[in-house]
Amino acid sequence: MGQGLWRIARNQQLQQQGYSAQGYLTREHGRRIPANNVSNTSHRKQAQGGIDIYHLLKARKSKEQEGFINLEMLPPELSFTILSYLNATDLCLASCVWQDLANDELLWQGLCKSTWGHCSIYNKNPPLGFSFRKLYMQLDEGSLTFNANPDEGVNYFMSKGILDDSPKEIAKFIFCTRTLNWKKLRIYLDERRDVLDDLVTLHNFRNQFLPNALREFFRHIHAPEERGEYLETLITKFSHRFCACNPDLMRELGLSPDAVYVLCYSLILLSIDLTSPHVKNKMSKREFIRNTRRAAQNISEDFVGHLYDNIYLIGHVAA
């Protein structure tokens, strides 16, 4: 039921097994320490540091009892820290034993916000009877619905009051969520260009190298498998956003959104050329510089060379 509980139970088992019948604590290298010395050491630690966690962990209803410790016997801060390492399934199982602890709203709030970073309902006054555990179940169900049918999934979130009917709120939800199927998400964004516009503006490419910024962009907004109008739209929106985030760099390099657009297409084609096993004669650095500067003449040769090196060393920008 989670690594935190397992470690505590295992440590306790090893501590119990370490005592021999003669009252000695056996060590790994064969050295034996009298048990009364260990007891004295424990008392000294307790006197110096306050609560002795070792004795808290050792407390039992009976000496013969085995298994996991009772978290209700620990300080609340320690119990909640242990339970915070569990996922939703394990936390539901833990609630069968420690109902008050495992049903704590703070634990379920953490699970909701760590999986779905933004929801409109987070910023509203909670309605009567609101529960983060119930919200987690609704978010999970809505995500599964979205992965089957994006429109129905978004409508489900709105019907439950989780999302507002606003392109900006939907874009924030998508940007902060990693449980949505990227193929379904690509279809949804192709149909909802208003949501796509707000999603692009959420990216901050300030002081990023162009290929790295393009990789980050395509991690959130996946590129289509084939060239077409949608890919051209994505690159156009990225080019304008990249220039807006780096105005000083654009002036220094003499680049415009159209020049960045050309560079992005060149990087995508270079990525395919260098990573595809079907291309035997790979494009050289000199060829890439010559072809790119032919399309965008104001770009410096050194800058284009750095672009080639990045793709050669790191890999595809749209993988």
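Residues numbered from 1 in each chain as written. Predicted model: local features only at pLDDT ≥ 70, side-chain atom pairs only at ≥ 80, totals over all residues. Heavy atoms only, no water.

The name an unreviewed UniProt entry gives the chain is F-box only protein 8, with Copsychus sechellarum as the organism. Of the comments in the UniProt record for the chain, the one headed Function (unreviewed entry) reads "May promote guanine-nucleotide exchange on an ARF. Promotes the activation of ARF through replacement of GDP with GTP." (UniProt positions renumbered as here; feature names shortened; annotations may be inferred.)

A. Quick peek at the overall build of the chain. Across its full length, the chain carries 18 helices and two strands. Pairs at least 24 apart in sequence give 57% of the contacts found in the chain among residues at least 6 apart. A total of about 18,800 Å² of accessible surface is found on the chain, and carbon and sulfur atoms cover 50% of it. (Helix = DSSP H or I, 4+ residues; strand = E, 2+ residues; numbered from the N terminus. Contact = heavy atoms within 4.5 Å. Areas by Shrake-Rupley, 256 points an atom, 1.4 Å probe, with all protein chains shown as cover.)

B. How the structure looks around the pattern of salt bridges. This model, assessed by the stated rule, comprises eight salt bridges. Here Arg251 makes a salt bridge to Asp248, at a shortest N to O gap of 2.3 Å. Pair noted here: Arg251 and Asp248 are both in helix H15 (residues 247-253), with a separation of three residues, about one helical turn. Residue Arg251 is classed as exposed on the basis of its relative accessible area of 61%. The class of Asp248 is partly exposed, set by a relative accessible area of 46%. For Arg293, the salt bridge goes to Glu301, with nearest N and O atoms at 3.7 Å. Arg293 gets classed as partly exposed once you look at its relative accessible area, which sits at 31%. Under the relative-accessibility criterion, Glu301 is labelled partly exposed at 46%. (Salt bridge = Lys/Arg side-chain N within 4 Å of Asp/Glu carboxyl O. Buried < 20%, exposed > 50% of the residue type's maximum accessible area, 1.4 Å probe, protein only.)

C. Up close: the packing of helix H16 (residues 257-275) against helix H17 (residues 285-295). Direction vectors running N to C along H16 and H17 enclose 155 degrees, while the axes themselves pass 10 Å from each other. In terms of orientation, H16 and H17 fall into the roughly antiparallel class. Considering the relative orientation of H16 and H17, their crossing is right-handed. Here H16 contributes Val262, Leu263, Ser266, Leu267 and Leu270 to the contact with H17, which in turn contributes Phe288, Thr292 and Ala295. Along the lines of polarity and charge, the residues of the contact of H16 with H17 split into six nonpolar, two polar and no charged. (Axes fitted to C-alpha atoms, helices over the stretch in contact; angles between N-to-C directions. Parallel < 35°, antiparallel > 145°, perpendicular 65-115°, else oblique. Left-handed = near helix turned anticlockwise from the far one by under 90°. Nonpolar A, V, L, I, M, F, W, Y, C, P; charged D, E, K, R; others polar.)

D. Broad picture of unusual backbone geometry. You will see that Asn207, though not glycine, has its phi angle at about 60 degrees, which is positive. Within the secondary structure, Asn207 is located in the loop between helix H12 (193-201) and helix H13 (210-220). Classification of Asn207 as exposed rests on a relative accessible area of 68%.

E. The arrangement of the nonpolar core in detail. Of all hydrophobic cores here, the largest spans 66 residues; its most connected members are Tyr122, Leu139, Ile174, Leu189, Leu210, Ile221 and Phe238. Among the elements that line this core, the one with the most residues is H16, at nine residues. Aside from chain neighbours lying at most four places away, what touches Ile221 is Leu189, Leu196, Leu199, Val200, His203, Tyr230 and Leu234. (Core = buried A, V, L, I, M, F, W, Y, C linked by side-chain atoms within 4.5 Å.)

F. Quick peek at the state of the cysteines. All told, the structure shown has zero disulfides when counted by the stated rule. Cys119 supplies the cysteine sulfur nearest to Cys176, a cysteine that is in no disulfide, at a spacing of 9.0 Å. For Cys176, a relative accessible area of 32% translates into the label partly exposed. With no disulfide of its own, Cys264 lies closest to Cys243 among cysteine sulfurs, the gap being 8.8 Å. By relative accessible area, Cys264 is classed as buried at 0%. (Disulfide = S-S within 2.5 Å.)

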